[in-house]
Amino acid sequence: QVQLVESGGGLVQAGGSLSLSCAASGRTFGRNAMAWFRQAPGKEREFVAAISWLDRMTYYADPVNRRFTISRDNAKNTVYLQINSLKPEDTAVYYCGLFKYNSGYSSVADDYDSWGQGTQVTVSS
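Just so you know, these numbers come straight off a predicted model, no measurement behind them. (Residues numbered from 1 in each chain as written. Predicted model: local features only at pLDDT ≥ 70, side-chain atom pairs only at ≥ 80, totals over all residues. Heavy atoms only, no water.)

A. Molecular detail of the nonpolar core. Trp36, Ile70, Val79, Leu81 and Tyr94 are the most contacted members of the largest nonpolar core, which has 26 residues in total. The set of elements that each furnish at least two residues to this core consists of strand S1 (2–7), strand S3 (18–26), strand S4 (34–39), strand S5 (46–51), strand S7 (68–73), strand S8 (78–83), strand S9 (92–99) and strand S11 (119–124). Those residues in contact with Leu81 that lie beyond four places of it in its chain are Leu18, Ser19, Leu20, Trp36, Val48, Ala49, Phe68, Thr69, Ile70 and Tyr94. Formed by seven residues, the second largest nonpolar core is a distinct cluster that contains Ala33, Ala35, Phe47 and Phe99. (Core = buried A, V, L, I, M, F, W, Y, C linked by side-chain atoms within 4.5 Å. Buried < 20%, exposed > 50% of the residue type's maximum accessible area, 1.4 Å probe, protein only. Helix = DSSP H or I, 4+ residues; strand = E, 2+ residues; numbered from the N terminus. Contact = heavy atoms within 4.5 Å.)

B. The arrangement of the state of the cysteines in detail. Here the structure, examined in full by the defined rule, presents one disulfide. The residue that forms a disulfide with Cys22 is Cys96, at a sulfur-sulfur distance of 1.9 Å. Disulfide Cys22-Cys96: the torsion about the S-S bond is 65°, which places it as right-handed. Here Cys96 lies in strand S9 and Cys22 lies in strand S3, a separation of 74 residues in the sequence. Neither Cys22 nor Cys96 differs from the other in exposure class; each is buried. (Disulfide = S-S within 2.5 Å.)

C. Spatial organisation of empty space enclosed by the protein. Inspection of every chain in the model, using the stated rule, returns one cavity of 30 Å³ or more. When its residues are assigned to classes, the lining of the largest cavity shows four nonpolar, one polar and three charged. (1 Å grid on protein atoms, 1.4 Å probe; cavity = no way out; pocket = protein on both sides within 12 Å on 5 of 7 lines; lining within 4 Å. Points joined across faces, edges and corners; volume = space filled by probe spheres on them. Nonpolar A, V, L, I, M, F, W, Y, C, P; charged D, E, K, R; others polar.)

D. Region of the structure containing the pairing of S3. Here S1 runs beside S3; their pairing, made up of six bridges, is antiparallel. Paired with Val5 across the two strands is Ala23, which belongs to S3. Two elements, S3 and S8, share six bridges in a ladder whose sense is antiparallel. Its bridge partner being in S8, Ser21 is matched across the sheet by Tyr80. (Pairing = 2+ DSSP bridges.)

E. Broad picture of the sheet that holds S7. Strand order in the open sheet formed by four strands is S1-S3-S8-S7, and the pairing between neighbours is antiparallel. Strands at the two margins of the open sheet, each flanked by one partner only, are S1 and S7. Neighbour-to-neighbour, the strand axes of this sheet turn through a mean angle of 20°, independent of strand direction. Summarising the sheet, S7 and S8 pair through six bridges and their orientation is antiparallel. Bridge assignment links Phe68 to a residue of S8, and that residue is Ile83. (Axes fitted to C-alpha atoms, helices over the stretch in contact; angles between N-to-C directions.)

F. Main features of the side chain of Asp90. Position of Asp90 among the secondary structure elements: in the loop between S8 and S9. For Asp90, the side chain forms a polar contact with the side chain of Arg38, separated by 2.9 Å. (Polar contact = N/O pair within 3.5 Å; in protein donor to acceptor, adjacent residues only side chain to side chain.)

What follows is the structure, encoded as structure tokens:
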């Protein structure tokens, strides 16, 4: 069983930046991708970005307007999400998840498990 713990959220003003972390412990990940999702009140969990484990390929919900950067440190078993130029609409609980399968990735939340407790990001205008 893999345990994921997110951290780094907080209250920031619009235009600011945050760096979120997702620390993993437990069994090894194998070739599973990891992803960040977010969930605003009353809304479904929304894909933000994913990163493969071996070749570090990255995937984004909005690859053109790249305010989000996903990265990882294998030695620390940690995945990061850098968010720049924060907007009030970025306010949400941010979760990291482990892809259920050994290859590929998905933007569908049901394809991930081992969710952490999430970290709250609040952006004031």
